[in-house]
Amino acid sequence: MGTQADESTAHAPASAVTRLRSALNRRPPAVDALLYLGCACYALVMALTDKHLGFRVWGAFATAGYGLALVHTSWLLLTPRGRASRARSRWVGVAVVGVVGMLAPLVTLLVRRQIANADWTDAEGLWSAQPEVWVIERAASTLLDTGTPYLDIAALDRVPHVHDYTPYGPVMAVFGLPRALVGGTPFADAVTDARVVFAGAAVLCVLASLRLLRVSSPPVRGAQLAVAFPLTALTWATAGPDLAIVGLVLLAVALAATDRPGWAALVCALVTSAKLIAAPAAVVVGFLVFSRLGARALARFGGVFVGVTVVVTVPVLLVNPKAFAEHVLLFPAGLGEIASPAASPLPGRLIASTGAVGTVIALVLLLAAGLAVLLWLVRRPPRTAADAALRIAVGLLAFTMLTTATRFGYLVYVSVLLGAVLVFRNRAPAPLGTGGPGSGTHGDRAPLTSS
């Protein structure tokens, strides 16, 4: 009796998930309508209340985009027996959001940035791009001039400002190089804006990942979560570095899932050397390599990862070790000359704000979450791209929610990765023997479903 009760209890959560999934799949347009309605409300609030000009501009366009998608979806709901056609595809809503809610505000803000020239001010109501855009562009120019993307804070002849900091790894400056090299005219500055480079890198990485994994028909729901969701659309128009980072993470996952550990390690090293938030993803990709190809492939992965990291980091570190430590390590940890502005009111930050005891509690919770994810990786290592994307999403969600200095915008990693889980589950089997330099020869033999 006890065993039967235990089994019943164990199966209850799975049954609940199955029932929820069945309910959501029964009428997809109804779920789409609720999604677009919620997104439109969020965008409208941003348009009417946010202090940042770029966010308000995005909100105005996005409200229209989500509203049009909602109108189209409502038409589908009201005419369920309509004749099948391209106009009745659920992809129309995603496309409308992409054009009206992403491309249109980006172009508007690119043009306005050239006209207003309001960078490097403290007036958020004038910014046509978020500070990370001009900071990364400045880092590229500084790299070309001095050999390091980091200003020497101690050598400034004034009190340091938060915008003096470049809290990224040295590789992030690469995204600012096009503007530093060929900018100088309004048109050239617009087309080499770091947001354009971030967007291009993200799109190329996603297309490469889909090709590697042989995903020919991504599900609409996956695209909605990964692309049309407000966090992605807002980041696309106003900032962008996180989209490039998560795109590279997806590419690394796809390379590892198709048994290319050498290439996966190369991408992991580059993305981690651009932004340290990608480090947990590199750990998960390492587990994916080990579960598919074994210890020798993992050793190869580790060797390439360490070697590339050393090559791209040590030269910059040697130019000015103190500046590197100040920008990359101390400032994000809140130990720099001035405090990091990353202070969104998420649980870790709220707990830490109660005092020293709260800070200890938040750190303990963060450590416990990290150990839980590590145990999950050890006991059920990822075998597919969907497995790995899910574990990275959970790990970054725990980090974002529990770290003491964080940004709400980091949740874009979670939404994109969860969308990727749905997309990667639709992959087709690849022939045996695929791979590349430094890869195994086992091909893609993993199951198509994700644990």
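In case you missed it, the structure is sitting above this.
Anyway, here's the lowdown on the structure attached to this text. (Residues numbered from 1 in each chain as written. Predicted model: local features only at pLDDT ≥ 70, side-chain atom pairs only at ≥ 80, totals over all residues. Heavy atoms only, no water.)

Counting its regular elements, the protein contains 19 helices and 0 strands. In the protein, buried positions account for 46% of the 451 residues. Here the analysis covers contacts within the protein between residues at least 6 apart in sequence; of these, 73% occur between residues at least 24 apart. For the protein, the exposed surface amounts to about 20,900 Å²; the carbon and sulfur share of it is 70%. (Helix = DSSP H or I, 4+ residues; strand = E, 2+ residues; numbered from the N terminus. Buried < 20%, exposed > 50% of the residue type's maximum accessible area, 1.4 Å probe, protein only. Contact = heavy atoms within 4.5 Å. Areas by Shrake-Rupley, 256 points an atom, 1.4 Å probe, with all protein chains shown as cover.)

To continue, consider the environment of tryptophan 127. Note that tryptophan 127 resides in the loop between α4 (91-116) and α5 (131-146). Residue classification places tryptophan 127 among the buried residues on the basis of a relative accessible area of 6%. Taking the C-alpha atoms as reference points, tryptophan 127 and asparagine 117, separated by 10 residues in sequence, lie 8.7 Å from one another. In this view, tryptophan 127 contacts His52, Leu53, Gly54, Ala118, Thr121, Asp122, Trp134 and His163; residues no more than four positions away in its chain are not counted.

Looking now at the environment of arginine 300. With respect to the helices and strands, arginine 300 occurs in helix α14 (residues 295-319). Taking the C-alpha atoms as reference points, arginine 300 and glycine 262, separated by 38 residues in sequence, lie 6.7 Å from one another.

This part takes up the packing of helix α10 (residues 230-238) against helix α19 (residues 411-424). Here α10 crosses α19 at 120°, and the two axes come no closer than 9 Å. When the axes of α10 and α19 are compared, the pair comes out oblique. Every pair of crossing elements has a handedness; the one defined by α10 and α19 is left-handed. Counted together, Leu231, Thr232 and Thr235 of α10 and Leu411, Val412, Ser415 and Val416 of α19 form the full contact between these two elements. A class-by-class count of the residues in the contact of α10 with α19 yields 4 nonpolar, 3 polar and no charged. (Axes fitted to C-alpha atoms, helices over the stretch in contact; angles between N-to-C directions. Parallel < 35°, antiparallel > 145°, perpendicular 65-115°, else oblique. Left-handed = near helix turned anticlockwise from the far one by under 90°. Nonpolar A, V, L, I, M, F, W, Y, C, P; charged D, E, K, R; others polar.)

Turning our eyes to something else, we now look at the pattern of salt bridges. Throughout the structure, instances matching the rule amount to 12 salt bridges. The partner of aspartate 189 in a salt bridge is arginine 179, with the nearest N and O atoms 3.8 Å apart. In this pair, aspartate 189 is assigned in helix α7 (residues 186-191) and arginine 179 in helix α6 (residues 177-182), connecting sequence segments 10 residues apart. Note on aspartate 189: relative accessible area 14%, which makes it buried. Across the pair lysine 275 and aspartate 242 runs a salt bridge, and its minimum N-O distance is 2.6 Å. One end of the pair, lysine 275, is in the loop between α12 (261-272) and α13 (279-293); the other, aspartate 242, is in helix α11 (residues 241-257), with 33 residues separating them in the sequence. Take lysine 275: its relative accessible area is 8%, and that puts it in the buried class. In this structure aspartate 242 comes out as buried when scored by relative accessible area, which is 9%. Overlapping salt bridges, with partners in common, bring together Arg113, Asp119, Glu137, Arg179, Asp189, Asp193 and Arg195 in one network. (Salt bridge = Lys/Arg side-chain N within 4 Å of Asp/Glu carboxyl O.)

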